[in-house]
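# Survey of secondary and tertiary structure
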Amino acid sequence: MPQPILTTAHCINPDCPRPYPQTWGNNFCQSCGAPLRLLNRYIPLQRLGIGGFAAIYTVWDLQSQTERVLKVLLENSPKALELFEQEAWMLASLRHLGIPRIEPDCYFHLELRIVSNQGNYSQRRLPCLLMEKIHGKTLQDILDDRPQGCPEAWVFSWLTQAVEILQELHDRNIIHRDI
């Protein structure tokens, strides 16, 4: 994959008042002071999505010169942290083409020092999970290209692949809770 044109970065601090755009090459967010270079290796490029528990970002890996995906836990309850850690270790044990690969050092915590408007400091710990980025079109991209619908063979193939992945998980007594 060719290197993208890197001109901006994205702050992953969930409390940042202006997370994007951040100037490429800066080590810290100009709005909140959070690090923009994670583990001195990963630079968040854009937020792909956000849910109730986590935000997902595309990051640039300076070492491998590739895009990766970073999942950041936003919920700070003990149960959410337990499930997030369980997801990290479970994904690291799986080897299937339809499941993003996880490397041994994929799970880490980012310590943020947050400055309030009054100049007070607080600490926030963000659990992070780094994984392979699987390139391709999203279902939304395909539907945008084909508003009349997709060929039946495509849909059958996608469903077959999804069932194969679920079977792999179920064979290991893993229940996917977000389908």
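An account of the accompanying structure is given in this report. What you are looking at is a predicted structure, and each value in this text was computed from that prediction instead of being measured.

Here we take up the overall build of the chain. The number of helices and strands found in the chain is three helices and seven strands. Along the chain direction, N to C, the helices and strands of the chain fall in the order β-β-β-β-β-α-β-β-α-α. A principal-axis box enclosing the C-alpha atoms of the chain has dimensions of 60 × 35 × 30 Å. Put simply, the chain has 179 residues, and 33% of those count as buried. At a minimum sequence separation of 6, the contacts of the chain that also span at least 24 residues come to 41%.

Scanning the entire structure with this criterion turns up three aromatic pairs. Judged by centre distance (6.2 Å) and plane angle (55°), the ring pair of Trp154 and Trp158 falls under tilted. Here the residue Trp154 and the residue Trp158 both occupy positions in helix α3 (residues 152–171), the gap between them amounting to four residues, near one helical turn. A relative accessible area of 36% places Trp154 in the partly exposed class. Relative accessible area serves as the criterion here: at 31%, Trp158 is assigned to the partly exposed category.

In this structure, Ile165 sits in helix α3. In sequence terms Ile165 and Gly119 are 46 residues apart; their C-alpha atoms lie 49 Å from each other. Once residues lying within four places of it in the same chain are set aside, the contact partners of Ile165 are His96, Gly98 and Ile99.

Let's shift gears to the layout of surface pockets. Roughly 170 Å³ of internal volume is contained in the second largest pocket. In terms of lining residues, the second largest pocket is bounded by Leu73, Leu74, Glu75, Asn76, Ser77, Leu81, His109, Arg124, Arg125, Leu126 and Pro127. In terms of residue count, strand β7 (residues 121–132) provides more of the lining of the second largest pocket than any other element does, four residues in total. Residue composition of the lining of the second largest pocket, grouped by class: five nonpolar, three polar and three charged.

A full pass over the atoms with the stated rule returns nine salt bridges. Between Arg68 and Asp61 there is a salt bridge; the shortest N-O distance is 3.3 Å. The residues Arg68 and Asp61 share a single accessibility class, namely buried. Taking the shortest distance from any N to any O, the salt bridge between Arg172 and Glu168 comes out at 3.6 Å. Each of Arg41, Asp61 and Arg68 takes part in one network of salt bridges that share partners.

Turning to a nonpolar patch on the surface, a few remarks are in order. On the surface, Leu139, Leu143, Trp154, Val155, Trp158 and Leu159 cluster together into a nonpolar patch covering about 540 Å² of accessible area. Counting residues per element, the ones that place at least two in the nonpolar patch are α2 (139–145) and α3. When residues of the nonpolar patch are assigned to their parent elements, the largest contribution, four residues, is made by α3.

It is worth spelling out helix α1 (residues 78–93) at this point. Taking 1.5 Å of rise per residue, the 16 residues of α1 would be expected to cover 22 Å, and the 23 Å separating its terminal C-alpha atoms lies within 8% of that figure. Regarding α1, the residues found buried are Ala80, Phe84, Ala88, Met90 and Leu91.

Compared with an ideal rise of 1.5 Å per residue, which puts 20 residues at 28 Å, α3 spans 28 Å between its outermost C-alpha atoms and is within 8% of the ideal. Positive phi appears at Asn173, one or two residues downstream of α3, with a value of about 60°.

Turning our attention to the side chain of Thr58. Mapped onto the fold, Thr58 is located in strand β4 (residues 54–61). By relative accessible area, Thr58 is classed as buried at 2%. With residues near it in sequence (within four places) discarded, Thr58 still touches Ile43, Pro44, Leu45, Gln46, Leu48, Glu67, Arg68 and Lys133.

Thresholds applied
- Residues take numbers from 1 onward in each chain, read along the sequence in its written order.
- Whole-chain, interface and lining totals are the exception, using all residues; otherwise, since this is a predicted model, local features are given only for residues with pLDDT of at least 70 and side-chain atom pairs are given and counted only at 80 or more.
- Calculated side-chain values reflect all of the structure's heavy atoms, with hydrogen atoms and water omitted.
- Strands here mean DSSP runs of E at least two residues long; helices mean DSSP runs of H or I at least four residues long; both are numbered from the N terminus.
- When accessible area is computed with a 1.4 Å probe and restricted to protein chains, residues below 20% of their type maximum are described as buried, those above 50% as exposed, and intermediate ones as partly exposed.
- Any two residues having at least one pair of non-hydrogen atoms within 4.5 Å are treated as being in contact.
- Put simply, two rings from Phe, Tyr or Trp (the six-membered ring, in Trp's case) pair if the centres are within 6.5 Å, and we call them stacked under 30 degrees between planes, edge-to-face over 60, tilted for the rest.
- In this analysis a 1.4 Å probe is tested at points of a 1 Å grid over the protein atoms alone, and where it fits but cannot get out there is a cavity; an open set with protein on both sides within 12 Å along at least five of seven lines is a pocket; lining residues have an atom within 4 Å of a point.
- Grid points are joined across faces, edges and corners, and a volume is the space filled by probe spheres set on the points.
- The classification used treats Ala, Val, Leu, Ile, Met, Phe, Trp, Tyr, Cys and Pro as nonpolar, Asp, Glu, Lys and Arg as charged, and all other residues, Gly among them, as polar.
- The salt bridge criterion pairs a side-chain nitrogen of Lys or Arg with a carboxyl oxygen of Asp or Glu, the two atoms within 4 Å.
- Residues enter patches when their relative accessible area tops 30% and they take part in no salt bridge; the joining distance is 9 Å for like charges and 5 Å for the nonpolar side chains Val, Leu, Ile, Met, Phe, Trp and Tyr.
- With residues, only the protein chains shown are counted as cover, and all accessible areas are computed by Shrake-Rupley using a 1.4 Å probe.
- To estimate the expected span of a helix, subtract one from its residue number and multiply by 1.5 Å.

Without other data, these values stay purely geometric and don't point to any function.
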